[in-house]
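The chain contents come next:
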Amino acid sequence: LIIMDIQMPVMDGITATKTLKEKYGGLPPIVGLSAHALEGDREKYMAMGMDEYLTKPVKKDDFVRMISKILTCSEICLERSYYCIRNAKKRHYRNMHRNC
């Protein structure tokens, strides 16, 4: 998970996010963080490349909700399945999916 401040000196978070996504593949989700809380900002920043968006100050409930969205059961299982496939333990792989 990358938490990217949208308004930074030198390079803003939108430019930094676009640069990272162009340069590297397989990045973790990038969450835009801004003090702006205007209507439509979330959609605007997500359309510009952010995977999610939070406003400052970050409230615990909002952060937990965002993490829950990003780290869905399928993503957790995919990460676990990499270990299982790597070790060729299909039985173990199926057992871990039951835990989701």
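Here, every reference points to the structure presented above.
Residues numbered from 1 in each chain as written. Predicted model: local features only at pLDDT ≥ 70, side-chain atom pairs only at ≥ 80, totals over all residues. Heavy atoms only, no water.

When its secondary structure is counted, the protein chain shows 5 helices and 3 strands. Reading the protein chain from its N terminus to its C terminus gives the helix and strand order β-α-β-α-β-α-α-α. In the protein chain, the proportion of contacts linking residues at least 24 apart, taken out of those at least 6 apart, comes to 39%. Element-wise, carbon and sulfur atoms account for 57% of the exposed surface of the protein chain, whose accessible area totals about 7300 Å². (Helix = DSSP H or I, 4+ residues; strand = E, 2+ residues; numbered from the N terminus. Contact = heavy atoms within 4.5 Å. Areas by Shrake-Rupley, 256 points an atom, 1.4 Å probe, with all protein chains shown as cover.)

If you look at the biggest cluster of nonpolar residues, it comprises 8 residues: M4, I6, I14, A16, I30, Y45, M50 and Y53. Beyond its immediate stretch of four places on either side in the chain, M50 contacts M4, I6, G13, I14, T17, I30, V31, G32 and Y45. (Core = buried A, V, L, I, M, F, W, Y, C linked by side-chain atoms within 4.5 Å. Buried < 20%, exposed > 50% of the residue type's maximum accessible area, 1.4 Å probe, protein only.)

A few words on the sheet that holds strand β3 (residues 52–55). The pairing of strands in a sheet comes from backbone hydrogen bonds and takes either a parallel or an antiparallel form. The 3 strands lie next to each other as β1-β2-β3, forming an open sheet whose pairing is parallel. Two strands close off the open sheet at either side, each with one partner strand: β1 (2–5) and β3. Along the sheet, successive strands turn relative to each other by an average axial angle of 30°, direction set aside. For β1 and strand β2 (residues 30–34), the ladder comprises 4 bridges, and the chain directions are parallel. The residue of β2 that forms the bridge with I2 is I30. (Pairing = 2+ DSSP bridges. Axes fitted to C-alpha atoms, helices over the stretch in contact; angles between N-to-C directions.)

Before going further, it helps to examine the side chain of D41. When you line up the elements, D41 lands in helix α2 (residues 41–47). Residue D41 is classed as buried on the basis of its relative accessible area, which comes to 6%. Each residue touching D41, except ones within four places of it in the same chain, is listed here: H36 and Y53.

Following K56, the chain continues to P57 via a peptide bond in cis, the omega torsion being -10°. Residue placement: P57 occurs in the loop between β3 and α3 (60–70). Phi is positive for V10, which is not a glycine, with a value near 70°. Position of V10 relative to the elements: it lies in the loop between β1 and α1 (13–23). Given the relative accessible area of 92%, V10 is considered exposed.

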